Amino acid sequence: MSGLELVPIGTFISELVNQVKLTANAINDVLIEKECFKTLSEYLLDIARTFLLLQSHELNDTRALKRTLEFLKEDCDKAECLVQKYKNCGRFYSFLFCRRIANEIQEATRAIGKSLAMFPLAEIEVLYEISDKVNKLQAEMQNAEYVASQSSLLILEKLNKGIIEQKHDQSFRNSMLEQIALSVGVSIEPSEIRKELDSLRKEREEAAARKEKKEEIFLKQVIELLSHSDAALDENEIKKQYELIRDTVENSAISNGTILEYDAFICPITKCVMVDPVNLCTGTACEKTAIEAWFSQGRNEDPRTGQRIEDITLRPNISVRQSIQQWREQNYFLKIRRAKEILLSDNYAAYDDALSEITKVIKENVITKYWIAMEGLINIIVLLVQNLDGNLKSRSLQTLLDIVERHSPNKDKAVAAGVLSHIVACVGLDYNVCMSAANLLFELLQENDRWGQAMPQEDCRWNEDLCSKLKQQRGTIAFLVLIILDKQFTESAKKMEDIMLQLCCDDDDTILAVASYHLYMPLVQRLCDGPELSKKSMMRGLEGMQLLDEDVKHLGEDGVINPLIMLASGDAESRELSFSVMAKLCTSYENRRLVVEAGAVPLILEQISSPQVSPIIREKCSEIFEKLTSIGLEFLTGTGVVLHDQELMITNLISVLESSSTSNGIRKPAFRALLRICKSAEVAAESAVTIQNGLPSILPLLEDSDKEIQNYALELVHQFSQNEPSRITDFLLVGRRLETFMHFLKDDNQPQHQLIAIDLLTNLRNTNFDLIKGLADSGAIPIILNILDMGSMKAKENVLHLLSGFMTPADLDMQKMMVQSGVYPLLVNILLTGSGTAKARAAELIGDLSSNSLNLTKAPYREGCFCFLRKRIRTCEVHGGICSVESSFCLLKADALSPLVKLLQDHDDAVKLKAILALKTLVQGIVARGATVLHKVGAIEPMLPILNGENPALIEEVLAMLEMVFTVREVSDSYSHEVRIPLIHLSALRKENTNDHLRRRAAKLLAEFELYSISGSLPL
């Protein structure tokens, strides 16, 4: 105690706590009886925590306390030795003595608890909480009980029973080895098994040195049993065993390809060859399960001799069991040889049976896998896979799977025989062949030698060397992808997907090869998790691929958008590649939605508008943004972008367009995007353009050197022409800009922009008279009239709208210029062949011209001397003077009267109205002649049904016309009966859309008719 007395109590407790913690943590490395050791670890950690609490108090440094701590340290040292002992112990050895290990842990735990119980809590005056914790902990530890796991005990019981009964058949050996290995987590690979058996041999030697005879004998028996299992056999030993069997068979009597069994092999009860023979006291051998059932039925006679049996004790018949095992192995040899002979022959009909026989032999005894390889059957069957078709090919693949399953040496032999190329060549063949090939391929690539027991797919390890060879095999990717994408394969598809992911692991070239077959998940995963160089490699690959619409869709579904957006914030190369790939992927609606939802729009706009960003990135971002706005602002407004954001967006785009240093590769897609935004967000566009004073930036682009830019500028200027017509007009009137603008009108190859240009001019026509004059001076009139003659109907409608600015009645000179340029025949032709809108506009323009006809008509005169009879000059029926199309714009001379009359029967009220207004110009100021002409050409009669219509404006114009023409007696007499009833109804009935003004006007006209009738004695 002298050494301990010199150490302060606090220091000693700290050292003890550290030792306890180290022991508890070391337990994590113990691989057997984990539950027992885990409980011990928890107790130790509780002690460490409790002593740390004690250490925070001032403890009385008493002799009793130090003595207790020394006892506790000694017990903890023993626990540590126990942990170290089994931490470095072989797993098989620990399993075999799991009961003893559990007892040792129990003793160590109780010893520590006993030392803890001696702790002088009263003397050191600790808190009640700590005292209570110590008391509970020591009580639990002193009563702790540990038992080995039930599954381990069951295996041990079976093992001990087999040793006692001297079971030495191969199936029992293999079964025990696998159960023990599985229990302690050892792989069923020959190298691992031999390592564990060597450890057992070492432990046996140490037991002998310790003179522990019982343990030494037990270990010897276990080693003898397990070392003869298939997984523990050395291939050279197997070869020697096989040669011995071969020599024995060659010296044996064979009947029909089989060595006949001896009578001693047959059970007298089952009449079959025995599996587990046992002897009765009479010496008769029977199948164990059969004789047990015999006795359970109350039968106590010998089944062979009938002799009564007093002693029913059963004893293993080891010699017969071994003889039966040898007999079976000899027949396995014969079956393998016979199958080989058939498969080397041309007897194709027998191939299926031969392959089935090989599978059957393997299932009965897996050691025959070695024998099959030694007979060269692997190479033979690989050739069958290459040369056969249909069911036999599938059957050959399945047999190869049976031969190589969980057998590394046979896998190596199959690969050496070239099976990988033949598997890959199965691509596109029928379902059974492809499925068999896929299952074989998966097995070949696994390092799984668990004999006779399937290993879960997720627990398998990949054979890296074979995976490398498979990657080099031509056609591998096509084979894998075909099965993965084919919906008829389910389990096989999952296996092929696992292979694919393994081949793609850290291999950019393979990932890109897979992507070239339209399977993108590995590539997307690499973009998410790979190193920076690999991410760039993936993007370069995508950039160079020819992607179909389906490919673009699948990439988006596989999650490629988010990693691309993340990479868009990386270095210059990453940003360039990322935006380039995104530009390709944004052809898909769903991908565009994903880009916006990921919040990438501000980043994209920032790249477009920043001069410091490389031109390539700006171009790609412009392209992306154009695609995002392909249907206006649907995406952006659907994800919460408010009006202010829209204005900012438009402002940024305008600033990009006005920069002279911006390339067309940036400007064009940005222009297209701006156009779509402006069309779908007019309010935001107007506000942004006003705030930015953006129109002056856009207008000069009408004169840009690039035709496409000019066209975009035209569309955008047209967009704002109704809101800022004066500014646009002022721009066009400067210099020779109107002449430059003419190319939009002249270019018949771009009818759409021709229409826009006409519509733009139409919106501007009333802003400044100088514009119309400037257009005329710039040679616009022939161009416009050519469109009116040769253009599409929509173009003609727009031109007619524009011509209203040229043909206003107040500008007589411009009207003359238009008529002299040939507008009148074109207008008349429109009356005959145009659309409803075109007819209405043409009628209106003819009316504008006709309104000046009376003033332009020249008075008639006669030629010759006054004293001689002068030649009479023919005058106009309506205007009473000398008329012509060019001099007075007379619509009669232009042959427009008849077409206008026909329009009165058009189904479109707007057309009728404009026709009436045009005809009305014939009676204004010259009622008598005009009314007579209208009556003669039948223009009045089509007007009368209009009085029964529903259009107030049209009815009012008809009434106004009738008021004038019915002042002419001849005309009124002609229509007195037809007009009376419509007027009565119009003045008397209260229609919903007939106002009081119309009723009064109709009543007044009716009253004038009545008065005229009385004075003229003519009945109405």
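See above for the structure.
Since this is a predicted model, take the numbers as computed values, not measurements.

**Student:** An account of the overall build of the chain is needed here, citing residue identities and associated values.
**Tutor:** Counting secondary structure elements, the chain contains 57 helices and 3 strands. Taken over 1020 residues, the chain has a buried fraction of 51%. Of the contacts made within the chain by residues no fewer than 6 positions apart, 70% connect residues no fewer than 24 positions apart. When the accessible area of the chain is evaluated, it comes to approximately 47,900 Å², of which 50% is carbon and sulfur surface.

**Student:** Can you break down the pattern of salt bridges residue by residue, with the values?
**Tutor:** Per the counting criterion, the structure on display carries 52 salt bridges. Linking K495 and E491 is a salt bridge whose minimum nitrogen-to-oxygen distance equals 3.8 Å. Taken together, the positions of K495 and E491, both in helix α25 (residues 491-504) and 4 residues apart, correspond to about one turn of that helix. Relative accessible area serves as the criterion here: at 53%, E491 is assigned to the exposed category. Through salt bridges with shared partners, a single ionic network connects E626, K668, R672, R676, D706 and E708.

**Student:** Hey, could you go over the sheet that holds strand β2 (residues 285-287) for me, with residue numbers and the actual values?
**Tutor:** Within the open sheet, the 3 strands sit side by side as β2-β1-β3. Their pairing is antiparallel. Two strands close off the open sheet at either side, each with one partner strand: β2 and β3 (315-316). For strand β1 (residues 277-279) and β3, the ladder comprises 2 bridges, and the chain directions are antiparallel. Its bridge partner lying in β3, N279 is registered against R315. Sheet strands touched by helix α14 (residues 288-296): β1 and β2. Its angle to β2, the strand with the most contacts, is close to 90°.

**Student:** Explain helix α26 (residues 508-515) to me, using residue names and the numbers behind them.
**Tutor:** Most of α26 sits inside the fold, with 6 of its 8 residues counted as buried. Here α26 has its buried residues at D508, T510, I511, L512, V514 and A515. The secondary structure elements touched by the buried residues of α26 are α23 (464-472), α24 (476-485), α25, α27 (521-529) and α28 (532-544). Between the side-chain oxygen of the N-cap and the backbone nitrogen of D509 there are 3.2 Å, and the N-cap of α26 in question is D507.

**Student:** Before we move on, can you summarise the packing of aromatic side chains with the specific residues and values?
**Tutor:** One pass over the structure, following the stated rule, counts 12 aromatic pairs. The interplanar angle of 25° and the centroid separation of 6.4 Å between the aromatic rings of F966 and Y975 together place this pair among those described as stacked. As far as burial versus exposure is concerned, F966 and Y975 are alike and both buried. Through a chain of ring-to-ring contacts, three or more aromatic side chains come together here, namely Y93, F97 and F218. Above the plane of the ring of F97 lies R100, whose end atom (NZ or CZ) is 4.5 Å from the centre. The residue whose ring lies beneath R299 is W294, and the NZ or CZ to ring-centre distance is 3.7 Å.

**Student:** Give me the lowdown on the nonpolar core, citing residues and values where you can.
**Tutor:** Counting 258 residues, the largest nonpolar core has F479, F625, L803 and F806 as the members making the most contacts within it. Looking at this core element by element, the count peaks at 10 residues for helix α15 (residues 318-343). Residues in contact with L803, not counting those within four places in the same chain, are I784, L785, L788, M818, V823 and L845.

**Student:** Could you give an account of the side chain of E626, naming the residues involved and the relevant values?
**Tutor:** For E626, the position within the fold is in helix α34 (residues 615-628). Setting aside residues up to four positions removed in sequence, E626 forms contacts with P669, R672, A673 and R676.

**Student:** Tell me about the state of the cysteines, residues and numbers included.
**Tutor:** Within this structure, the stated rule accounts for 0 disulfides. Not engaged in a disulfide, the cysteine C286 finds its nearest cysteine sulfur in C267; these two sulfurs lie 5.0 Å apart. You can see C426 has no disulfide; the closest cysteine sulfur is in C434, sitting 6.5 Å from it. Look at C426 and you get buried, because its relative accessible area is 0%.

Parameters at a glance
- Residues numbered from 1 in each chain as written.
- Predicted model: local features only at pLDDT ≥ 70, side-chain atom pairs only at ≥ 80, totals over all residues.
- Heavy atoms only, no water.
- Helix = DSSP H or I, 4+ residues; strand = E, 2+ residues; numbered from the N terminus.
- Buried < 20%, exposed > 50% of the residue type's maximum accessible area, 1.4 Å probe, protein only.
- Contact = heavy atoms within 4.5 Å.
- Areas by Shrake-Rupley, 256 points an atom, 1.4 Å probe, with all protein chains shown as cover.
- Salt bridge = Lys/Arg side-chain N within 4 Å of Asp/Glu carboxyl O.
- Pairing = 2+ DSSP bridges.
- Axes fitted to C-alpha atoms, helices over the stretch in contact; angles between N-to-C directions.
- Polar contact = N/O pair within 3.5 Å; in protein donor to acceptor, adjacent residues only side chain to side chain.
- Phe/Tyr/Trp six-rings, centres within 6.5 Å; stacked < 30°, edge-to-face > 60°.
- Lys NZ or Arg CZ within 6 Å of the ring centre and 35° of its normal.
- Core = buried A, V, L, I, M, F, W, Y, C linked by side-chain atoms within 4.5 Å.
- Disulfide = S-S within 2.5 Å.

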